[in-house]
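# Fold and geometry: a report
Listed below, chain by chain, are the residues.
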Amino acid sequence: MGSNRTGWLLLTPTLVILGVFGILPFIYVLWVAFHQWNAFGANPYMIYNGADNFRRLVFDTEFLESIWFTFQFGFFAVVSEIVLGYFLAQFLMRDFPGKAVFRTLHTLPLIVAPIVVGSVWRLMMTPSIGIIPYFLDAWFGYQLNIGSNAGAAFVVTVIMDIWHWTPLVTLTLLAAIVALPKDPFEQAQIDGANRWQIFWHITLPMIRPAILATVFIRLMDALRTVDEIWMLTGGGPGSATRYIGLHIWKVVFPKTDYGYGSAISVIVLYLTLVLCWLLYVGLVAPRNGRRT
Amino acid sequence: MNMRLRMGMVALVAGLMASTAPAFADFWSDAGAKFKGVTLHGVTESTPPSNYIKDVLAPEFEEKTGIKVEIETTSWDQMYDKAIKDMEAKTGIYDMIYIEQDIVYAYLARNFLVDVTQSLKDDPSLKAPGFDESHFTTFANYFRGENGDLFGVPMEAFIKIYLYRKDLFEDPKIQEAFKAKTGKDLAPAKTHEDYTQIAEFFTEYGKENGLDLWGTTAQAHTGHPASWYEYVESVAPTFGVYNWGINAEKNYAATVENGGSMNSDEAKAALKYWLHLRDIAPPESAASTWTEVASTFAAGRAAQGLVYGENAAWIASDAEKSKVVDKVGVALPPVSDGVMADAESGKGYIGYYDGGAFGLPVTSKNRDAALLFLQYIGQDSVQSGWAVAAPRITNTATYDDPAVKEMDARLGGYYTMLKDEGKLFAGAPPFPFHAQVREVCASIFYKILTGQIGPDEGLDQMAQATEKELTNLGYRK
């Protein structure tokens with residue numbers, strides 16, 4: 001009983017912080033989502049409007065487009081980061097000259113603020129001054145203009161995200177690989193397993209928890225990305241890179257449509273949870289012998 | 001008058017001046033003494049005039065009053081984001097905020113701002129001797145409430161001008177080539193047809209001669225409202241489409257069928273004209289806001305363009321930033337028939353008169369100290385240095401200052417144009433729903449820019465979406 005009380009006592013600061021900074025704002029957003037509230041409307045006060053905001057977003061093509069673009073962005077960015085991160089982690093398991101320097105340089109993007117990443121990429125991508133359009137034109141005759149080419153803008157945002165976040169994946173997977181016991185690998189080699197078989201039947205299952213944790217973290221990050229994209233493309237051209245985080249920002253701040261913006265935020269949170277749950281059910285639960 | 005008497009008069013005047021000057025100087029130290037330890041916080045867009053406040057006027061004020069001033073200069077979007085959040089949540093972080101002319105109606109509708117005139121009447125001890133509201137140009141009227149009181153001290157005002165490269169326009173070889181190609185003399189355009197012809201000529205000329213030169217600038221970012229602003233504020237009015245095509249007298253109608261003009265034939269012609277210019281502008285135009293347009297022009301990549309006046313000074317005079325120093329001329333934007341007459345009669349306008357004021361949020365915790373600072377930046381005595389450092393004039397006393405006149409010559413007569421022709425330009429329409437309609441229209445506008453929808457269809461959609469939004473907001477009944 002006494003230790004129970006001590007446990008709760010120790011947990012209290014965390015619970016208070018979580019409550020004040022996590023739960024209460026969420027409840028407030030949920031409350032606002034059921035109201036019409038535009039600070040610059042003829043009536044700038046909150047008016048209860050039931051589920052109208054949620055009904056509205058089902059028919060809002062901008063929102064639906066934004067969700068679709070965001071999932072595409074999340075899929076391509078996270079899959080690429082996991083694959084690339086795994087190979088880089090394996091590469092860093094070996095000894096080679098300059099390994100320490102490479103590891104440091106490779107980790108540098110992680111410490112750069114997203115807004116700075118966006119600025120730097122914008123400078124590199126701007127036609128006439130950007131280094132990348134310059135060389136693409138000089139070497140391949142390809143005129144890259146992410147201000148007018150929607151496909152190119154999408155690809156560039158994915159590449160920027162990969163550049164920024166692959167080091168995180170590499171470090172996480174490297175830690176997981178380093179911690180693997182040697183016995184199963186030696187046993188497999190004695191049994192005559194080839195590299196692919198070792199990877200598929202031993203390495204992958206053993207680092208699966210680390211991969212999944214990384215996927216969840218990166219997916220949630222990718223779904224709410226704002227600053228880098230805002231700086232690089234502003235969501236354009238058109239709405240090609242108006243990912244959901246940026247869409248919410250535009251609805252809530254410049255447009256000051258607080259009620260509708262809150263409804264979108266709630267739905268996006270819900271969709272993220274559903275996506276993570278589906279990943280869990282599809283990838284983790286079967287391995288644990290559970291189906292839910 | 002004999003010599004002795006004359007010398008006596010001079011000595012008397014000098015004595016009087018000497019005794020008066022410390023009294024004026026003392027006002028700031030006396031007034032500031034009451035606010036010892038106070039730090040004022042302001043937020044503004046990072047523009048040359050704002051940077052002058054931060055770098056020159058704020059330190060001067062601090063030295064004279066002892067009141068510390070911290071000015072945060074940031075991007076246009078962030079500035080609004082921060083100011084509105086602060087006033088909406090009543091956190092009182094900011095004592096001064098930048099009020100762009102187009103947002104003032106929304107702020108006044110929400111009672112976000114302190115009545116500067118009334119506050120100084122209520123407490124005359126705060127009234128600075130060198131501050132006089134009547135010295136402001138007519139641009140200050142945009143910041144007056146219905147009662148005529150001032151709710152912001154104008155700190156920048158400029159027109160979006162037609163800037164052209166004098167060196168190119170006056171080059172005999174180019175003039176000859178232009179004449180041979182078009183049969184016309186090369187001169188700043190007065191009509192849209194002439195402007196297009198000049199733009200096409202220079203784009204071709206650049207290509208033929210292997211130069212990084214295009215015929216025009218275009219503020220055509222495909223994901224930033226700057227592009228929509230260029231169209232509604234600087235291009236559509238020159239075709240006779242005013243107030244964004246929204247008719248406030250007809251229940252805020254935007255569609256032609258309800259009495260608006262957002263999707264009128266004139267609006268459609270204006271958009272097609274501008275889209276063509278965008279197509280022959282430098283490739284970076286698709287990612288250009290007002291800042292990048294100025295950079296493009298300063299890099300010598302465009303022969304002509306519509307450029308915000310706030311950038312004119314550094315483009316024309318700062319050799320560290322600009323390749324076209326002393327090579328620029330200014331002119332009025334090209335217009336359709338009847339538009340100039342509309343502008344002269346006050347019925348319409350030919351372009352955008354932009355600018356802003358420093359205002360005092362009602363949520364400020366240092367209202368009186370902030371009032372002092374607002375008066376400090378509004379005094380006649382600080383205006384000329386400010387106008388030379390950044391091309392803005394908000395005070396009538398500034399025009400005749402020798403330093404300003406000298407700068408005017410380098411700017412190709414920009415200040416003279418501001419003084420004499422400023423009345424032909426207008427600020428944003430007095431809509432309290434400025435940002436809301438902009439956001440609704442901009443997302444459709446970006447689709448027009450990327451070719452996802454045609455200009456006619458896009459303008460129809462914009463007009464309908466505007467009416468829908470205004471109905472949702474409760475302005476359209």
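Residues numbered from 1 in each chain as written. Chains lettered and ligands numbered in written order. Predicted model: local features only at pLDDT ≥ 70, side-chain atom pairs only at ≥ 80, totals over all residues.

### Examining the overall build of chain A
- When its secondary structure is counted, chain A shows twelve helices and two strands.
- Secondary structure elements of chain A, listed N to C terminal, follow the sequence α-β-β-α-α-α-α-α-α-α-α-α-α-α.
- Overall, the C-alpha framework of chain A stretches about 75 × 75 × 35 Å when taken along its three principal axes.
- Sorting the 292 residues of chain A into buried and exposed places 33% on the buried side. (Helix = DSSP H or I, 4+ residues; strand = E, 2+ residues; numbered from the N terminus. Buried ≥ 20, exposed ≤ 12 C-beta atoms within 10 Å, placed from the backbone.)

### Things to note about the overall build of chain B
- Each helix and strand counted, chain B has 19 helices and seven strands in total.
- Taken over C-alpha atoms, the radius of gyration comes to 24 Å for chain B, in line with the 23 Å a tight globule of 477 residues would show.
- With respect to the principal axes defined by its C-alpha atoms, chain B has extents near 70 × 60 × 40 Å.
- Here chain B holds 477 residues, and 53% of them are scored as buried.
- The contacts in chain B between residues at least 6 apart in sequence include a share of 72% that link residues at least 24 apart. (Rg over C-alpha atoms; globule rule 2.2 N^0.38 Å. Contact = placed C-beta atoms within 7 Å.)

### As for helix α14 (residues 367-378) of chain B
- Between its terminal C-alpha atoms α14 of chain B stretches 16 Å, which fits the 16 Å expected from twelve residues at 1.5 Å a residue.
- Every buried residue belonging to α14 of chain B is among Ala369, Ala370, Leu371, Leu372, Phe373, Leu374, Gln375, Tyr376, Ile377 and Gly378 of chain B, and all of these are buried. (Expected span 1.5 Å × (residues − 1).)

### What to know about the nonpolar core
- With 156 residues, the main nonpolar core has Phe373, Leu374 and Ile377 of chain B as its most contacted residues.
- Looking at this core element by element, the count peaks at ten residues for helix α18 (residues 434-449) of chain B.
- Split by domain, this core shows at least three residues from each of two domains, domain 1 (38-158 + 354-423) and domain 2 (160-352) of chain B.
- Setting aside residues no more than four positions away along its own chain, Phe373 of chain B makes contact with Leu40, Phe61, Val69 and Met96 of chain B.
- Ranked by size, the runner-up nonpolar core spans 47 residues in total, among them Ala77, Ala152, Ala153 and Leu173 of chain A. (Core = buried A, V, L, I, M, F, W, Y, C linked by C-beta atoms within 7 Å. Domains from an automatic or database assignment.)

### Notes on the environment of Gly22 of chain A
- The topology assignment puts Gly22 of chain A in helix α1 (residues 2-33).
- For the pair Gly22 of chain A and Val281 of chain A, spaced 259 residues apart in sequence, the C-alpha to C-alpha distance is 26 Å.

### A word on the environment of Ala428 of chain B
Residues and elements named next belong to chain B.
- Within the secondary structure, Ala428 sits in the loop between α17 (414-421) and α18.
- A C-alpha to C-alpha distance of 7.4 Å links Ala428 and Tyr352, two positions 76 residues apart in sequence.
- Setting aside anything within four residues of it in sequence, one finds Ala428 in contact with Gln101, Asp102, Glu233 and His434.

### Quick look at the interface of chain A and chain B
- Opposite the 27 residues of chain A that make contact, chain B presents 27 residues.
- Grouping the amino acids of the side of chain A that touches chain B by side-chain chemistry returns nine nonpolar, 15 polar and three charged. (Nonpolar A, V, L, I, M, F, W, Y, C, P; charged D, E, K, R; others polar.)

### Considerations on the packing of helix α10 (residues 265-279) of chain B against helix α19 (residues 455-473) of chain B
Residue and element names in this part refer to chain B.
- The interhelical angle for the contact between α10 and α19, taken along N-to-C directions, is 125°, at an axis separation of 10 Å. In terms of axis orientation, α10 runs oblique to α19. The two elements α10 and α19 meet at a crossing, and its hand is right-handed. Within the contact between the two elements, α10 uses Ala267, Lys268, Leu271, Lys272 and Leu275 and α19 uses Pro455, Asp456 and Leu459.
- Here the contact of α10 with α19 is composed, by residue class, of five nonpolar, no polar and three charged. (Axes fitted to C-alpha atoms, helices over the stretch in contact; angles between N-to-C directions. Parallel < 35°, antiparallel > 145°, perpendicular 65-115°, else oblique. Left-handed = near helix turned anticlockwise from the far one by under 90°.)

### Focus: the domain arrangement of chain B
All names here are of chain B.
- Each assigned domain of chain B is listed here: domain 1 (38-158 + 354-423) and domain 2 (160-352).
- The C-alpha-based centres of domain 1 and domain 2 are spaced at 29 Å.
- Between domain 1 and domain 2, the contact holds 17 residues from the first and 17 residues from the second.
- Where the side of domain 1 that touches domain 2 is concerned, the elements lending two or more residues are α2 (48-65), β4 (153-165), α16 (402-410) and α17.

### What about the confidence of the model for chain A?
- Of the residues in chain A, 97% have a pLDDT of 70 or more, and the chain-wide mean is 91.
- Mean pLDDT across the secondary structure elements of chain A bottoms out at helix α12 (residues 258-284) of chain A, with 90, and peaks at helix α7 (residues 150-178) of chain A, with 96. (pLDDT = per-residue confidence, 0-100.)

### As for helix α11 (residues 290-298) of chain B
Residues and elements named next belong to chain B.
- Most of α11 is tucked away: eight of the nine residues are buried.
- Those residues of α11 not exposed but buried are Trp290, Glu292, Val293, Ala294, Ser295, Thr296, Phe297 and Ala298.
- Residues of α11 that are buried in the fold lie against β4, α9 (226-235), β5 (304-308) and α12 (312-317).
- Following α11 by one or two positions, Gly300 has its phi on the positive side, about 75°.

### Quick look at unusual backbone geometry
- Residue Pro237 of chain A is bonded to the preceding Gly236 of chain A through a cis peptide linkage, with omega at 0°.
- Here the phi dihedral of Asn111 of chain B falls at roughly 55°; this positive angle occurs in a residue that is not glycine.
- With respect to the element layout, Asn111 of chain B can be found in the loop between α4 (104-109) and α5 (116-122).
- According to the C-beta neighbour criterion, Asn111 of chain B is exposed, with 12 such atoms within 10 Å.
- Not every positive phi belongs to a glycine, and Asn251 of chain B is a case in point at roughly 60°.
- Checked against the element boundaries, Asn251 of chain B lands in the loop between α9 and α10.
- On the basis of neighbour counts, which here come to 15 C-beta atoms within 10 Å, the residue Asn251 of chain B falls in the partly exposed class.

### Structural notes on the pairing of β4 of chain B
All names here are of chain B.
- Buried residues dominate β4, accounting for 13 of its 13 residues.
- One ladder, built from six bridges, connects β4 with strand β7 (residues 353-359); its direction is antiparallel. Across the sheet, Ala157 pairs through a bridge with Gly355, a residue of β7.
- Bridge count between β4 and β5: five bridges; the pairing is antiparallel. Within β5, the position partnered with Leu163 by the bridge is Gly305.
- Sheet analysis places β4 next to strand β6 (residues 328-331), joined by four bridges and oriented antiparallel. The residue of β6 that forms the bridge with Tyr162 is Ala331. (Pairing = 2+ DSSP bridges.)

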